[in-house]
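Overview (structure and organization)
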Amino acid sequence: MNDFYYELSKHFYNVYFFIIAQPLVIKIAVCCVIIFTLGYFVFLGNILVTKLLIDKRKIREKKLFEQYNDKLHEILLSDKIMILEEIENVLPKNSRKLSKKDNRLLSKIIIDILEENPQFNTKNLEVLLAHFNLKKFWENELEYSDFQKKYKAIDRVNQLKVSLPSESIISRLTYSKNKLLRKKARAAYIHMTSNDPFRFFTEDFDKEVTDWDKITLHEMLLKLPKSKIPNFSQWINTSKNNALKAFYMYEIYFYNQRAACPFVLAHFETNDLELRKTVVDVLGKMKYKQAEKKFIEEFPNQPLVIQNSIIKAVARFKNPESLEFLKQAFLNAYNNESKITIAKALYNFSKEANEFLEENKVNEKDYFQKLIIEHIKNPLIVNHNA
Amino acid sequence: MHNLFNNVITSYQYIVFGYTTAIVIFYFILVYLAKKEVFKYNNTHNKVDDKLLEGSPFTPGISIIAPAYNEEKTIILNVNSMLTVDYPIFEVVIVNDGSTDRTLELMIEEFDLVETPFAYIEKIRTKPFKRILKSTNPKYSRLTVVDKENGGTKSDASNAGINAAAYPYFICTDVDCILSEEALSRMIQPILQSSTKVIAVGATMRMANNCEVTDEGRMNKVKLPKTLLPMFQEIEYLRSYMVGKMGWSAINAMPNISGGLGLFDKSVVIAAGGYDPLSHAEDMDITARIIAYMRDFNKDYKIVHIPFTCCWTEGPPTLKIFNRQRTRWARGLLQFFIVHRKFLFNRKYGRMGMISFPFVLIFEFLAPIIEAIGLISILLLAITGNINWDTFFLMLGYAYIFGLCLSLCAIFFDLKTKIIYHDYRDYFKMALIILIEPIVYHPLIVFFSLKGYINFLTSKKFEWGQMTRQGFDRNTKIKNIEIQNA
């Protein structure tokens, strides 16, 4: 054995001294060949290990599914409210002592059942989570695991409808340095806590508010009962973030908070075109007719995108006195896309407006202008100026 | 004279070595950047996010635009595939680009299409359009067919599709591509999640050869192609997407969004003038133009690539079709650098001008030329008996092993994103195929690239050419079977 190691080390040193005596080019090439060869085997090994892990997970998943799926269905879809002992009798023994991986897989099975059956028994779900100690498990995941697990844990807690015993668990995540985790936690905070759930609305949610944030925030608000929805006008004036203001305005429309309309209209003078457009769109959809006069007065001074929104809003108000405004807007429109918008507004406005369009079509010499009227009347086109 | 010859050859060998080492260093950096992006994406994206878009009032609409020229073999399947994408607000705009076969007739029959009044506004100039067709069947209300005169290139047809598109974002794809169900919801997310305007998003494409597709045009089982050429191309695509594009995306220096799959902000594309109908590399061309537009007007922007596989396309199954494809790409690349030479090394165009386009010029465009000259010099040395075979094999091994490592790294990143193949053994097959790829496939790329450059320089008249479709393998017994999640 010693001879073998001696020969091996002798060979190694021979090769080593041979290489360091070579030109730089050869040394670089040799080093790279060694590194890349090792890299090749490392990646190959990773592919193999991934396969083994997948197989292991599949076996574990299959075993858990066979053991628990039917019984979980029985418990969650039962009309009867079951107590802990009854649930323990249904489930296999030692079902309380599952590993972390099993807890994650089991949670997925429960979530699949909940999603397929929205009318599940909520009381039984609580008892079931207590039996498996899944509440504690996911709290620990939120508190002590790495970024990736925390990120996924927030979704799981929401999906399992776990109510956290203390908001401190999620609170810590709401000040995470990681932007994605921080935002996710702040959105989830609305649904997970009962004490000041809209705290982050007061703090302007985060440094930047993206469209994705609006989607997640809206989703969290939908999970709340209507009685817990706040009055969004309280933040419209105080928020410094225009994207967030636009979001609040949309929610005012969605939850039909008509008392907030004057506060929305007050933001029409903003320099932010997106926000101004939101003001017009929201008040139009809410049919806040008090805004009509202002919109019509301001129409000639507005950029095209705001003009289009004003047209749609006025069309929604359906005030017969505004017909003349719409007719003039149609005749004076210089942009074909705007003309289509106005034509559609007229088409849906009133019988008289329709007659105006037909008359215009007959008198119009320009084929394309006639085509616009045919276009907006076409029932096969479902997304006019989407 | 003999000494001069030897000096020239020796110098050239050092240049080639330096060139290869520079490629290694750059790709090392790209791998590092790609790894960060791939793992960040995988850690923060899941199916819960896709579901959030359903029914959200903030979800934007997307138009799927697909030019079609003589695609009668696969048009119905592909249109059905696009119509079954899982996204709440979208439309499909097929542009019949003057097909001479039964492409349009088949669509009319299958989808109950009728000519319909449509105020088609030509925001981007194209060859004259003839008519718009819509379906009388509510099931196909999302479908719009634009019938127009042939414009000679995909660009012209794409522009017509953009003119007819109703939504603020569009995906430009080839009609032979099969989109995954989650394609739109995955590709729109970078746009929604960024506070900087994202003007384009790319995603990974793969070969559809040998995959099983349902009658509804949905991907049922993803398999590695059976034949060598598409198999090599699959690996090449994975390298390009998983390492190249993910790496560039990390530093917002994407040189191009693939023409087979790209999500764009419609207003930016229109402002930039749309696709260039004369370009044979329309994907790289449009990417350059939208970046130039944003930079010319000092607007912040991002172009992002996601590692998720969103699309499958039929790879050229024969050498003849492969030749046509690669010479066209090479012509397009040379044409691109001539037309857009002002971007190169121009600080005004930021990372595109100073990093990614010079990289593509030096390490992709010039590579076949340098390799060809290198091969000639090796042959000369061998003939004159001046070659050091040990050094030769060492250098060959250096380049070869690097290529293997890079390919396997790309496969590894792909694996970490999603286990896509129905049979896991396909990953091991790929790990074996990459051993022969540099020997069999790479020389073909070099040859066809050089052919493409010579064709362009000798100014032969080019046509887009036709991709001869094989059609997809369809198990007709399969209906709406869910994809097996590994």
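Residues numbered from 1 in each chain as written. Chains lettered and ligands numbered in written order. Predicted model: local features only at pLDDT ≥ 70, side-chain atom pairs only at ≥ 80, totals over all residues. Heavy atoms only, no water.

1. Comments concerning the overall build of chain B
- Summing up its helical and strand segments, chain B has 14 helices and 13 strands in all.
- Compactness check: chain B gives a C-alpha radius of gyration of 23 Å against a globular reference of 23 Å for 486 residues, within 12% of the reference.
- Viewed in the frame of its principal axes, chain B has a C-alpha envelope of about 80 × 45 × 45 Å.
- Counting all 486 residues of chain B, 60% fall into the buried class.
- Taking the contacts inside chain B whose residues are at least 6 apart along the sequence as the reference set, 80% of them involve residues at least 24 apart.
- Accessible surface, chain B as shown: approximately 19500 Å² in total, 58% of it carbon and sulfur.
- Here chain B contributes 52 positive and 46 negative side-chain charges, whose respective centroids are spaced 4 Å apart. (Helix = DSSP H or I, 4+ residues; strand = E, 2+ residues; numbered from the N terminus. Rg over C-alpha atoms; globule rule 2.2 N^0.38 Å. Buried < 20%, exposed > 50% of the residue type's maximum accessible area, 1.4 Å probe, protein only. Contact = heavy atoms within 4.5 Å. Areas by Shrake-Rupley, 256 points an atom, 1.4 Å probe, with all protein chains shown as cover. Lys, Arg positive; Asp, Glu negative; His and termini not counted. Charge placed at Lys NZ, Arg CZ, Asp CG, Glu CD.)

2. Describing the interface of chain B and chain A
- If you look at the interface, chain B gives 60 residues, while chain A gives 55 residues.
- Summed over both partners, the interface of chain B with chain A comes to about 5100 Å²; 76% of that surface belongs to carbon and sulfur atoms.
- Interface area lost by chain B to chain A is led by B:Asn43, B:Leu52 and B:Phe58, which between them contribute 12%.
- Counting the contacts that link chain B with chain A gives two salt bridges.
- A salt bridge links A:Glu115 to B:Lys51, with the nearest nitrogen and oxygen atoms 3.3 Å apart. (Buried area = accessible area lost by both parts, 1.4 Å probe. Salt bridge = Lys/Arg side-chain N within 4 Å of Asp/Glu carboxyl O.)

3. As for the pairing of strand 11 (residues 261–265) of chain B
All names here are of chain B.
- When you tally the buried positions in strand 11, you get five out of five residues, the bulk of the element.
- The side-chain alternation of strand 11 yields two buried faces, one formed by Leu261, Leu263 and Asp265 and the other by Gly262 and Phe264.
- Note: strand 6 (residues 169–173) against strand 11, five bridges, orientation antiparallel. When the sheet's bridge partners are listed, Cys172 is paired in strand 11 with Gly262.
- With three bridges joining them, strand 8 (residues 198–207) and strand 11 adopt antiparallel strand pairing. (Pairing = 2+ DSSP bridges.)

4. Considerations on a positive patch on the surface
- Taken together, the side chains of A:Lys285, A:Lys287, A:Lys289, A:Lys312, A:Arg316, A:Lys318 and A:Lys344 make up a positively charged region of the molecular surface.
- Along the chain, A:Lys287 falls in the loop between helix 15 (273–285) and helix 16 (292–298). (Patch = residues over 30% accessible without salt bridge, like charges linked within 9 Å, V, L, I, M, F, W, Y side chains within 5 Å.)

5. Thoughts on the nonpolar core
- A:Ile110, A:Phe295, B:Ile94, B:Met107, B:Leu143 and B:Leu184 are the most contacted members of the largest nonpolar core, which totals 163 residues.
- With sequence-adjacent residues up to four places away left out, B:Leu143 is seen in contact with B:Val79, B:Leu83, B:Val92, B:Ile94, B:Phe111, B:Leu113, B:Leu133, B:Lys134 and B:Ser135.
- Among the nonpolar cores identified, the runner-up in size contains 120 residues, and B:Phe118, B:Ala164, B:Phe402 and B:Tyr453 belong to it. (Core = buried A, V, L, I, M, F, W, Y, C linked by side-chain atoms within 4.5 Å.)

6. Re a nonpolar patch on the surface
Residue and element names in this part refer to chain A.
- Where nonpolar side chains cluster on the molecular surface, the patch consists of Phe12, Tyr13, Tyr16, Phe17 and Ile20 and spans about 540 Å² of accessible area.
- Structurally, Tyr13 can be placed in helix 1 (residues 2–20).
- Judged by its relative accessible area of 45%, Tyr13 is partly exposed.

7. What about the pairing of strand 12 (residues 302–313) of chain B?
All names here are of chain B.
- The buried fraction of strand 12 is high, at 11 of 12 residues.
- By the bridge criterion, two bridges tie strand 7 (residues 178–179) to strand 12 in an arrangement that is antiparallel. Counted as the bridge partner of Leu179 is Cys311 from strand 12.
- Note: strand 8 against strand 12, nine bridges, orientation parallel. Bridging from a neighbouring strand, Gly202 pairs with His305 of strand 12.

8. What to know about the pattern of salt bridges
- A complete count under the given rule lists 42 salt bridges over all chains for this structure.
- Notably, a salt bridge pairs A:Lys149 with A:Asp146, separated by 3.7 Å at the nearest N-O pair.
- Given a relative accessible area of 32%, A:Lys149 falls into the partly exposed group.
- Its relative accessible area of 40% is what places A:Asp146 among the partly exposed residues.
- We note a salt bridge from B:Glu437 to B:Arg239, for which the minimum N-O separation is 2.9 Å. In this pair, B:Glu437 sits in helix 14 (residues 425–457) while B:Arg239 sits in helix 7 (residues 228–250), placing the two residues 198 residues apart along the sequence. Pair check on accessibility: B:Glu437 and B:Arg239 agree, each one buried.

9. Topic: the sheet that holds strand 4 (residues 129–135) of chain B
Residue and element names in this part refer to chain B.
- Strand order in the open sheet formed by 10 strands is 3-4-5-2-1-6-11-8-12-7, with mixed pairing between adjacent strands. The sheet is open, and its two borders are formed by strand 3 (113–115) and strand 7, each paired with just one other strand.
- Packed on one face of the sheet, helix 7 meets strand 8 and strand 12 and runs near 155° to strand 8. (Axes fitted to C-alpha atoms, helices over the stretch in contact; angles between N-to-C directions.)

10. Some remarks on the confidence of the model for chain B
Residue and element names in this part refer to chain B.
- Per-residue pLDDT for chain B has a mean of 89; in total, 94% of the residues score no lower than 70.
- Predicted confidence for residues 464–469 stays below pLDDT 50, and this span has 24 contacts to residues more than four positions away or in other chains.
- Across residues 472–486 the pLDDT falls below 50, and counting only partners more than four positions away or on other chains, this stretch makes 37 contacts in the model.
- Predicted complex, confidence summary: ipTM 0.89, pTM 0.90. (pLDDT = per-residue confidence, 0-100.)

11. Comments concerning the packing of aromatic side chains
- Here the structure, examined in full by the defined rule, presents 61 aromatic pairs over all chains.
- Where A:Phe137 meets A:Trp138, the ring centres are 5.0 Å apart and the plane angle is 75°; that geometry is what we call edge-to-face.
- Look at A:Phe137 and you get buried, because its relative accessible area is 8%.
- The class of A:Trp138 is buried, set by a relative accessible area of 3%.
- Summarising the aromatic geometry, the rings of B:Phe392 and B:Phe393 are spaced 5.1 Å apart at their centres and angled 65° between planes, so their arrangement reads as edge-to-face.
- Owing to a relative accessible area of 51%, B:Phe393 belongs among the exposed residues under this scheme.
- Through a chain of ring-to-ring contacts, the aromatic side chains of A:Phe198, A:Phe201, A:Phe232, A:Trp235, A:Phe247, A:Tyr248, A:Tyr250, A:Tyr253, A:Phe254, A:Tyr255 and B:Phe58 assemble into a single cluster.
- The ring of A:Tyr175 has A:Arg186 sitting right over it, with the charged end atom 5.1 Å from the ring centre.
- Taking the ring centre of B:Phe308 as reference, the NZ or CZ of B:Arg186 above it sits at 4.1 Å. (Phe/Tyr/Trp six-rings, centres within 6.5 Å; stacked < 30°, edge-to-face > 60°. Lys NZ or Arg CZ within 6 Å of the ring centre and 35° of its normal.)

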